[in-house]
Amino acid sequence: MKPVARHAGQAQPDEAEVPTAQFAGAVSARVAGARLAGLFGSGRADGSVHLRAAISRRGVLEVVSCSVPAGRDGTTACYPALTPAIPAASWYEREVADMFGLRPEGHPRVDPLVLPRGPGHVAPRPGSGAVYSDRPHYPDEAALPAHVSGEGLFTLPYGPVRSGVFESVQYLVETPGEDILHVRARVYHKHRGVESRFEGMAPADGVLLAERVEGVAAVAHALAYCQALEGGATELPRGALLARVLHAEMERIANHLDSMMRHTDAAGQAVANARLAWHKERLLRLRAALCGHRFGRGVIVIGGVAGPPALAPQVAIGALADIEADVRSDTHLLMSTSSFVDRLRGTGVIAPEVAAARGALGPVARASGSEEDLRTHRPYAAYGRVEVPEHRYRDAGDALSRQLVRLEELWGSFRLCESALEAIAACPVEGPWAAEVAPAEGVSWGWAEAPQGELLYMVEVEGGRLRRVKPRSASFHNLSLFPEAFGGDIFTDFAFIEASFGLSIAGVAG
Amino acid sequence: MPWVTRGLRNGVLTTRYPKRADGYGHGWRGSVTTSGAARATLPPLVGCPTGAIGSGLSGAPTLDRGKCILCGRCVAERPDAFAFDPSPEVASVARGALVVPATEESDASVAEARAELAKRARRLRRSVHLRHVDAGSDGSEEWEIAALLGPIYDVHRLGVFFTASPRHADILLVTGAGATGMAGPLLATYEAMPDPRLVVAVGTDAVSGGIVSPSYATTGGVGGVVPVDVWVPGSPPSPFSILHGILLAVGLLAERGQP
């Protein structure tokens with residue numbers, strides 16, 4: 001049987017380059033009726049920085065770019081900020097300031113975000129090819145800038161070392177004692193310099209690093225990265241596209257189960273927590289049985305997948321059905337346990353207007369009125385050929401809605417795994433499972449709907465080597481919305497709100 | 001009430017490890033090992049992405065598990081020289097012993113390190129408290145450590161507990177490549193722990209920095225920040241591997257006379 005020819009690559013966006021002075025105007029003109037999906041910097045050897053703003057309009061990606069020249073005589077290069085017109089750009093501009101040393105003129109508050117900028121800070125400027133060997137960054141632990149002022153208010157630094165087994169992040173909670181007035185997240189503690197690490201790597205090695213940018217969403221990262229390199233004109237084997245769907249959906253199930261576990265942990269639902277932990281462990285073991293790795297690493301390669309699922313499709317379908325039946329029964333009981341549901345209802349509300357204005361992503365957006373899901377809006381892999389179950393979005397915007405959205409997505413993912421496995425059963429085991437692909441030169445974009453939401457990769461290849469790779473995880477974008485969720489919530493709600501966002505800090509800090 | 005019956009529905013799911021070997025673990029990647037057949041041949045030209053493959057004195061290939069991220073490239077390219085070993089018992093008390101095949105020198109250093117560890121661990125007996133610190137992980141190690149508290153692994157049955165306060169902690173589990181931003185908080189946590197205290201580096205990133213290092217923002221493993229007693233390779237290590245590392249630290253396995 002010959003591999004079915006198919007247009008598998010992702011349609012590449014057009015890039016409109018404008019002069020620096022018109023950048024902010026051009027971007028805000030396009031963001032109207034759309035959403036800002038990210039701001040991607042790329043350093044150049046001459047000291048300039050190429051800035052690209054990605055805008056998502058009803059599933060179509062548009063890119064506006066400008067080149068910011070190096071500052072003359074050692075002064076800081078600057079460009080007119082996007083943030084005054086587009087609030088969603090705030091974190092991106094802070095990140096660009098940290099990484100490239102650019103000053104966004106007119107940005108209300110350029111606090112350090114991914115690097116603790118201190119006196120004499122030298123920006124890593126990824127993409128410029130400069131070997132960066134600045135002295136290590138040791139943040140000033142005593143610095144606790146406050147946004148809110150008033151009598152009896154203080155800033156409580158929660159983290160970076162937190163109680164329990166969590167990733168390191170610091171939340172600065174401004175409070176008079178019980179109510180949370182304002183929260184900010186500082187993520188630079190665990191900044192690893194991943195973007196600079198990509199520079200100069202062979203594209204095939206880059207997959208391994210992409211899998212570790214946000215380890216719990218390894219498949220989604222590898223997928224978005226590879227799809228960028230595969231360009232718009234590649235034909236991949238049908239089995240590979242189906243296997244990509246299978247592993248991506250297994251990852252979604254694992255992440256959604258993890259988010260629910262965190263909710264039950266916060267609510268002190270010990271039995272529910274233990275049961276969900278059991279289901280999650282069974283799922284990770286099933287993933288390992290299918291591909292040799294509990295997190296699906298090594299499955300996605302440029303041009304396809306490493307090989308067929310190691311289990312017979314019917315066996316895997318049976319194992320998944322067993323897990324699904326138990327998860328259904330336990331979550332049904334959980335969602336009818338009022339002491340649990342009451343903790344989520346009305347907690348951490350992100351109003352639909354806020355979500356739309358800030359361009360929220362993933363389950364957070366779908367609990368606040370958005371219907372966007374890349375699997376149906378910008379389909380990739382085999383999502384166009386297996387039916388993606390329709391999800392009911394919610395619009396209450398609270399932690400309960402996010403939980404309900406995740407639950408429904410869970411059932412959808414189980415269906416998708418099943419259909420993918422059934423279709424894989426019809427594919428010859430001997431393959432082919434991957435096509436020869438020469439990575440596209442120049443800039444290309446890749447995306448995937450990670451469990452956390454839309455994941456974007458900008459990949460620049462020069463002379464067969466990676467010149468600049470910029471992953472933009474949904475965790476980054478959604479964490480910037482996190483402070484918006486605290487309208488009248490108190491300390492004990494914190495754990496629920498955090499769990500309901502379901503983010504990974506590794507993907508934020510870079 | 002419904003939760004009570006729900007909790008009893010499936011009986012005991014917990015593993016008997018370390019009393020008995022657990023059946024799970026076979027069929028996936030625990031570690032990469034060099035095969036005896038290749039000892040005499042020259043090292044193959046394999047594109048190891050983390051530089052874990054070297055050559056020993058006789059020219060035979062060696063593999064540093066502390067740098068290996070288990071991508072399996074060497075196993076695919078040279079199945080005659082490299083193979084996956086499904087055993088999850090990969091932790092070691094000596095960094096040098098993570099290099100396979102083992103040399104006589106590393107055997108001696110392992111014995112020495114184990115004796116030293118056993119001496120300190122004897123004072124921690126019965127119930128130990130763990131504190132975890134993330135020093136730049138990719139997020140997956142946290143899932144695997146958290147799994148130890150679930151019903152399958154349930155470390156409480158072994159007298160191992162997690163604590164929020166470093167003041168109550170005997171063992172520090174550190175994950176991540178050693179992000180420089182975490183150096184201060186990590187050291188502060190370590191210094192807040194009472195003596196005797198032990199450090200377990202969890203994951204290839206924590207051992208050597210993995211594929212994330214070298215980088216301007218990491219120290220290439222956590223050994224540059226805190227003194228490490230037990231090394232657990234893996235990307236990420238499975239819960240069994242982490243448990244193996246913890247048990248080595250507690251000295252429970254030293255008692256059995258097993259690595």
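It should be noted that the structure appears before, not after, this text.
Residues numbered from 1 in each chain as written. Chains lettered and ligands numbered in written order. Predicted model: local features only at pLDDT ≥ 70, side-chain atom pairs only at ≥ 80, totals over all residues.

Engineer: Honestly, the interface of chain A and chain B in this entry has me stumped. Any pointers?
Structural biologist: Often, the extent of an interface is quoted as the loss of accessible area upon association of its parts. Counting residues at the interface gives 53 residues for chain A and 49 residues for chain B. No other element matches helix α7 (residues 270-291) of chain A, which puts 10 residues into the side of chain A that touches chain B. Along the lines of polarity and charge, the residues of the side of chain A that touches chain B split into 25 nonpolar, 14 polar and 14 charged. (Contact = placed C-beta atoms within 7 Å. Helix = DSSP H or I, 4+ residues; strand = E, 2+ residues; numbered from the N terminus. Nonpolar A, V, L, I, M, F, W, Y, C, P; charged D, E, K, R; others polar.)

Engineer: Would you mind going over the sheet that holds strand β3 (residues 49-57) of chain A with me for this structure?
Structural biologist: Two orientations exist for strands paired in a sheet by backbone hydrogen bonds: parallel and antiparallel. All names here are of chain A. Read from one edge of the open sheet, four strands run β1-β4-β3-β2, paired in mixed fashion. What marks the edges here is a single partner per strand, and that holds for β1 (15-17) and β2 (35-43). With direction set aside, neighbouring strand axes in the sheet form an average angle of 20°. Relative to strand β4 (residues 60-68), β3 runs antiparallel, the two sharing nine bridges. Paired with Arg52 across the bridge in β4 is Ser65. Across the face of the sheet, helix α1 (residues 20-31) comes into contact with β2, β3 and β4 while running at roughly 165° to β4. Contacts from helix α2 (residues 90-100) reach β2 and β3, with the element oriented near 5° to β2. (Pairing = 2+ DSSP bridges. Axes fitted to C-alpha atoms, helices over the stretch in contact; angles between N-to-C directions.)

Engineer: When you look at the environment of B:Arg95 in this model, what are you seeing that I'm missing?
Structural biologist: All names here are of chain B. Relative to the assigned elements, Arg95 resides in the loop between β5 (82-85) and β6 (99-100). Looking at Arg95, the number of C-beta atoms within 10 Å reads 19, which means it is partly exposed. Linking Arg95 and Val230, residues 135 residues apart in sequence, is a C-alpha distance of 8.0 Å. Once residues lying within four places of it in the same chain are set aside, the contact partners of Arg95 are Gly66 and Trp231. (Buried ≥ 20, exposed ≤ 12 C-beta atoms within 10 Å, placed from the backbone.)

Engineer: Whenever I open this one, the sheet that holds strand β8 (residues 160-162) of chain B confuses me. Can you help?
Structural biologist: All names here are of chain B. Taken together, five strands build an open sheet; the order of strands is β8-β7-β9-β10-β11 and the sheet is parallel. At either end of the open sheet lies a strand with only one pairing partner, and these are β8 and β11 (230-232). Strand-to-strand twist of the sheet, defined as the mean angle between neighbouring strand axes without regard to direction, takes the value 25°. Here three bridges tie strand β7 (residues 128-134) to β8, and the two strands are oriented parallel to one another. Across the sheet, the residue bridging to Val128 is Val160, located in β8. Helix α4 (residues 140-147) rests against β7, β9 (171-175) and β10 (198-202) of the sheet, and its axis sits at about 145° to β9.

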